[in-house]
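Residue-level structure breakdown
Chain by chain, the residues run as shown.
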Amino acid sequence: MARRLHRREDGHSVPLLALSAGAVLAAGALLWRSADRGLPGRPDSAPGRTSRRSRYGDYAVSGRTVTVNRPRQELYAFWRDFTNLPQFMHNVTAVESDGEQSVWTLRGPFGRNLSVRTRIVSDRPGEEIAWRSTAESEIETEGKVSFRDAPGDRGTEVEALVAYVPPAGRAGQLVAKMFQREPRIQGRREMKRFKMLMETGEVATSANRKSEDGED
Amino acid sequence: MRALTYHGKHDVRVDTVPDPEIVNPRDAVIEVTATAICGSDLHLYDGVIPGVLSGDILGHEFMGRVVETGPGSTLEKGQRVVVPFTISCGACFHCMKQQFSACDNSNPAEKQDLSEPLYGHAMSGLFGYSHLTGGYPGGQAQYVRVPYSDVGPIVIPDGLPDEEVLFLSDILPTGWMAAENCDITEGDSVAVWGCGPVGLFAVQSALLMGADRVIAIDHHPHRLDLARRLGAQVIDYRRTHVLEALMEMTGGFGPDAVIDAVGMESHGMAPDSALDAVKQQVGIGADRAHALREAIMACRKGGRISMPGVYGGFVDKFPLGALMEKGLQLRTGQTHVQRYSQDLLRRIGEGEIDTTFLISHRLSLEEAPTGYRNFHDNQDEWTKVVLTP
Ligand SMILES: NC(=O)c1ccc[n+]([C@@H]2O[C@H](COP(=O)([O-])OP(=O)(O)OC[C@H]3O[C@@H](n4cnc5c(N)ncnc54)[C@H](O)[C@@H]3O)[C@@H](O)[C@H]2O)c1
Ligand SMILES: [Zn+2]
Ligand SMILES: [Zn+2]
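Read on for a plain summary of the structure. (Residues numbered from 1 in each chain as written. Chains lettered and ligands numbered in written order. Predicted model: local features only at pLDDT ≥ 70, side-chain atom pairs only at ≥ 80, totals over all residues. Heavy atoms only, no water.)

**Quick notes on the packing of helix H8 (residues 242–249) of chain B against helix H10 (residues 290–298) of chain B**
All names here are of chain B. What counts here: In this description, a line fitted to the C-alpha atoms serves as the axis of each element, helices being fitted only across the stretch in contact, and the angle between N-to-C directions of two axes falls anywhere from 0 to 180 degrees. Each helix corresponds to a stretch of at least 4 residues labelled H or I by DSSP, and each strand to a stretch of at least 2 residues labelled E; elements are numbered beginning at the N terminus. The crossing is said to be left-handed when, going from far helix to near helix, the turn is anticlockwise and less than a right angle, and right-handed when the turn is clockwise. We call two residues contacting when some pair of their heavy atoms lies within 4.5 Å. Amino acids outside the nonpolar list (Ala, Val, Leu, Ile, Met, Phe, Trp, Tyr, Cys, Pro) and the charged list (Asp, Glu, Lys, Arg) are all regarded as polar, and Gly is one of them.
Their axes nearest at 10 Å, the elements H8 and H10 cross at an angle of 35°. Viewed along their axes, H8 and H10 form a crossing whose handedness is right-handed. Between H8 and H10, the contacting residues are Val-242, Leu-243 and Leu-246 on the first element and Glu-294, Met-297 and Ala-298 on the second. Grouping the amino acids of the contact of H8 with H10 by side-chain chemistry returns five nonpolar, no polar and one charged.

**Let's talk about the coordination of the zinc ion (ligand 2)**
As a benchmark, a tetrahedral metal site with four donors has ideal angles of 109.5 degrees, while an octahedral site with six donors has ideal angles of 90 or 180 degrees. Residues and elements named next belong to chain B. Basically, it comes down to this: Here a donor is any nitrogen, oxygen or sulfur atom (N, O, S) within 2.8 Å of the metal, with 3.2 Å used for Na, K and Ca; water is not among the atoms considered, so some sites may look incomplete. Every geometry call rests on angle ranges, with four donors termed tetrahedral when all angles are between 85 and 135 degrees, four termed square planar and six termed octahedral when opposite donors are over 155 degrees apart and all others are between 65 and 115, and everything else termed irregular. Only protein chains enter the accessibility calculation, which uses a 1.4 Å probe; a residue is then buried when its area is under 20% of its type maximum, exposed when over 50%, and partly exposed in between.
Taken together, the protein donors to the zinc ion (ligand 2) comprise Cys-38 (SG), His-60 (NE2), Glu-61 (OE) and Asp-170 (OD), at separations of 1.7 to 2.7 Å. In this structure, the zinc ion (ligand 2) is surrounded by four donor atoms whose angles at the metal cover 80 to 136°, and the resulting shape is irregular. Summarised as a motif, the one-chain spacing of the donors to the zinc ion (ligand 2) is C-x21-H-E-x108-D. With a gap of 23 residues between them, Cys-38 in the loop between strand S3 (28–37) and helix H1 (39–45) and Glu-61 in strand S4 (residues 61–69) connect regions that are remote in the sequence. We classify Glu-61 as buried; its relative accessible area is 0%.

**Considerations on a nonpolar patch on the surface**
Filter applied, for reference: Think of a patch as exposed residues, more than 30% relative accessible area, with no salt bridge, where like charges cluster within 9 Å and nonpolar side chains (Val, Leu, Ile, Met, Phe, Trp, Tyr) cluster within 5 Å. Accessible surface area values rest on a Shrake-Rupley calculation with a 1.4 Å probe, where residue burial reflects the displayed protein chains alone. One speaks of a salt bridge when a side-chain nitrogen belonging to Lys or Arg is within 4 Å of a carboxyl oxygen belonging to Asp or Glu.
A cluster of nonpolar side chains, contributed by Leu-118, Tyr-119, Met-123 and Phe-314 of chain B, occupies part of the molecular surface with about 380 Å² of accessible area. Take Leu-118 of chain B: it is sitting in helix H3 (residues 112–119).

**Side note on the environment of Gly-371 of chain B**
Residue and element names in this part refer to chain B. Relative to the assigned elements, Gly-371 resides in helix H13 (residues 368–377). Sequence-wise, Gly-371 and Leu-243 are 128 residues apart; in three dimensions their C-alpha atoms are separated by 34 Å. Filtering out sequence-adjacent residues up to four positions away, Gly-371 remains in contact with Ile-37, Leu-363, Trp-382 and Val-385.

**Notes on the nonpolar core**
To keep it simple, the criterion reads: By nonpolar core we mean a set of buried residues, namely Ala, Val, Leu, Ile, Met, Phe, Trp, Tyr and Cys, connected to one another through side-chain atoms within 4.5 Å.
Counting 53 residues, the largest nonpolar core has Trp-79, Phe-82, Trp-104, Ile-129, Val-158 and Phe-194 of chain A as the members making the most contacts within it. Looking at this core, the element that brings in the most residues is helix H5 (residues 183–200) of chain A, giving five residues. Leave out the neighbours within four places in its chain, and Trp-104 of chain A touches Phe-82, Leu-85, Met-89, Val-92, Ala-94, Val-95, Leu-114, Ser-115, Val-116, Thr-118 and Trp-131 of chain A. Grouped together as the second largest cluster of nonpolar side chains are 49 residues, Leu-42, Leu-44, Ala-298 and Val-337 of chain B included.

Shown next as structure tokens:
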């Protein structure tokens, strides 16, 4: 895997999605290492996406870790039912799921909706869920969420990573527009809302009425 | 409903806006019976707090009667409640540690985009303040939507009039926490910069906590008189060299603890203040910190600095060397209001603490713009304005 990524850095294109599930993390770490060559000392302990120099080429990657003051199993179970995701992912309007395959409806720009079909590629109860878009999906994407016990009695550290390759053509432009609204900000908002929902049962809003969305 | 809204620097108006309603399960809606103007509102009025938008409803010191409850609220319709200005979920790591103003969940996710780059973290939501703290509509209005109503609101027993308990929403616990942050022990002297509501309650609290003497500093004669009546010695900084006086008045030690109850719009007679004022005017984001600098210089070696005064950005010429070399400790923060609610309510009920001495003017909500102007321009006489909708 490392060789392929190095090749990519040399200008050849190896789609992220060709990598196995869980590769998002690994890819981050590897890219970090290759981009970091030339600096003295050993690689540090930080995740690849926080590197000063790593580049993910064509793909947009967003990731965020939050600590949620709830047990691991409970958080896993909520996330594993993908139909729950729109409650905290505000650009996902709906998810239909049969447990293995899910169809996500994403809010696109200019009122156009996009749909993504994903299947589960890794499922370790209480620890990790990973999904990847299927061949017939409009967008190529993969994502992974992992759950590990937080120190002390702080609950669970939840780390989510999503990567996507904007396809060519009209749909591609739309996707690019959508995700270029700062994927990092998007990812951070979603994970904060997930934490709110799990800890307090609701998502904070300053809206004074149900008809306002409170977001600016 | 009618509500006091922000329209720009020194421009607040009472407008008609839509009534709030229950949005989230744990919400309640209260009908406001009394609300006050705070020194923190003056920072908004002067346009020195980032993230305040035209049309925002101001006000974070308010109380009223519960008129609607969501399914997750523990309040009952008709109950009288005082609402803390800090909005806190009660369930996150920080709330569990009683660091309510650091609540992780009450600041809406989409409002945190600005505060993370500015402060490193987003703070809790606050009523009627900046969009950095959630942009929640405030309490200088007829009705307020109160999130997490099962956590914050303090139910007030019948028999305690509004004016005796209203300040549980902010300035009383703020003065109290300011004194608590001084770690007062026997023999301690405490100096307090600013004899506004926060400074005066800090004076009162420090004396209750057993300070040997409290020295209050301001230049408004009436405000200094109020401090004197509470039992403080006073320094008028227009008459007296504050640093020299403090050394002399504490036997050459300097105060054991110092409280900055002035904040980012400090007045001052020294060149640093003039420069700060210019910078704040031209908007390059420097807070005016004259009082804080003076407090750090005055504090005895190994002493404590308590800073309830609000700052929003950056400070120049901060005497970091004095802080380090003298081994001082600095404690600050938006008040963790809910931490003190029950204790302070009890003290008010038992007559140990009176807060009504502070109120100088009672106006209707419609007259709120007059209240702002005078609380801002005639600080000596206008010590605290209470509005009734
Ligand atoms: N930490 C919190 O949670 C919290 C809560 C409420 C208020 N506050 C802050 O506390 C501060 C005081 O609030 P307030 O309502 O008492 O305000 P205020 O404006 O009524 O009082 C400030 C006082 O400071 C005096 N002052 C100005 N410069 C001075 C100087 N150099 N030396 C001595 N005194 C000086 C003024 O004359 C005035 O009397 C504000 O910054 C406010 O935002 C903080
Ligand atoms: Zn206040
Ligand atoms: Zn909280």
